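One-letter residues, chain by chain:
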Amino acid sequence: MATIAVRVFTESGECDQACRDLRTEVLALDVDRVDLVPDGAVPAGAKVDAASITTIAVALAGSPVLVQLGHLLRDWVTRANGRKIVVRDGERSLEITGTTAADNRDVIEAFFRREVE
């Protein structure tokens, strides 16, 4: 099982609630687990910086749901101003902002198409 870390940033200062809302949406996908990670804490096996603002750890048994996760994150970022997500998968990372989500659709999809190691 692989764990992908998703760091959530918002302008409004309501990052905690935004992260909880995003977690609810991700749980609707065929993922094994979605854990909230308190600031500075990292669950065993997660690949994320310890200094995260607010993070969710998404555990996946395989890669078929990855592209769906990528679409969900891209759409979530574009629904409100000032949102940003940084996704970490081992050494790889991807930053998605509202201004880049539509412009970089192919890059976002390519990142999530890769097999989870």
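In what follows, the structure referred to is the one given above.
So, here's what we can say about the structure. Note that the coordinates shown come from a computational prediction; the quantities given were computed from them, not determined experimentally.

1. A closer look at the nonpolar core
Thinking step 1. L22, V26, V58, L73 and F112 are the most contacted members of the largest nonpolar core, which totals 28 residues.
Thinking step 2. If you list the elements that add at least two residues to this core, you get β1 (2–9), α1 (15–27), β3 (55–60), α2 (66–78), β4 (84–89), β5 (92–97) and α3 (105–113).
Thinking step 3. Here this core takes six residues from α2, the largest share from any one element.
Thinking step 4. The contact partners of F112, leaving out residues within four places of it in the chain, are L66, V67, L69, G70, L73, V87 and L94.

2. So, the side chain of R83
Thinking step 1. Following the sequence through the fold, R83 ends up in the loop between α2 and β4.
Thinking step 2. Within the buried core, R83 has no salt-bridge partner, and the shortest N-O distance to an opposite charge, that of D21, equals 5.7 Å.
Thinking step 3. A polar contact is formed between the side chain of R83 and the backbone oxygen of W76, at a distance of 2.7 Å.

3. Some points on the pattern of salt bridges
Thinking step 1. Applying the stated criterion across every chain yields a total of six salt bridges.
Thinking step 2. The salt bridge partner of R33 is D35, with a shortest N-O separation of 2.5 Å.
Thinking step 3. Since its relative accessible area comes to 24%, D35 is described here as partly exposed.
Thinking step 4. Between D75 and R74 there is a salt bridge whose closest N-O contact spans 3.3 Å.
Thinking step 5. Accessibility expressed as a relative area gives 36% for D75, which makes it partly exposed.
Thinking step 6. One salt-bridge network, in which partners are shared between bridges, spans R74, D75 and E109.

4. Notes on the packing of α1 against α2
Thinking step 1. The N-to-C vectors of α1 and α2 enclose an angle of 145 degrees; their axes lie 11 Å apart at closest approach. For α1 against α2, the interelement crossing comes out right-handed. In this structure, α1 contributes A18, L22, E25 and V26 to the contact, and α2 contributes L69, L72, L73 and W76.

Thresholds applied
Residues numbered from 1 in each chain as written. Predicted model: local features only at pLDDT ≥ 70, side-chain atom pairs only at ≥ 80, totals over all residues. Heavy atoms only, no water. Core = buried A, V, L, I, M, F, W, Y, C linked by side-chain atoms within 4.5 Å. Buried < 20%, exposed > 50% of the residue type's maximum accessible area, 1.4 Å probe, protein only. Helix = DSSP H or I, 4+ residues; strand = E, 2+ residues; numbered from the N terminus. Contact = heavy atoms within 4.5 Å. Lys, Arg positive; Asp, Glu negative; His and termini not counted. Salt bridge = Lys/Arg side-chain N within 4 Å of Asp/Glu carboxyl O. Polar contact = N/O pair within 3.5 Å; in protein donor to acceptor, adjacent residues only side chain to side chain. Axes fitted to C-alpha atoms, helices over the stretch in contact; angles between N-to-C directions. Left-handed = near helix turned anticlockwise from the far one by under 90°.

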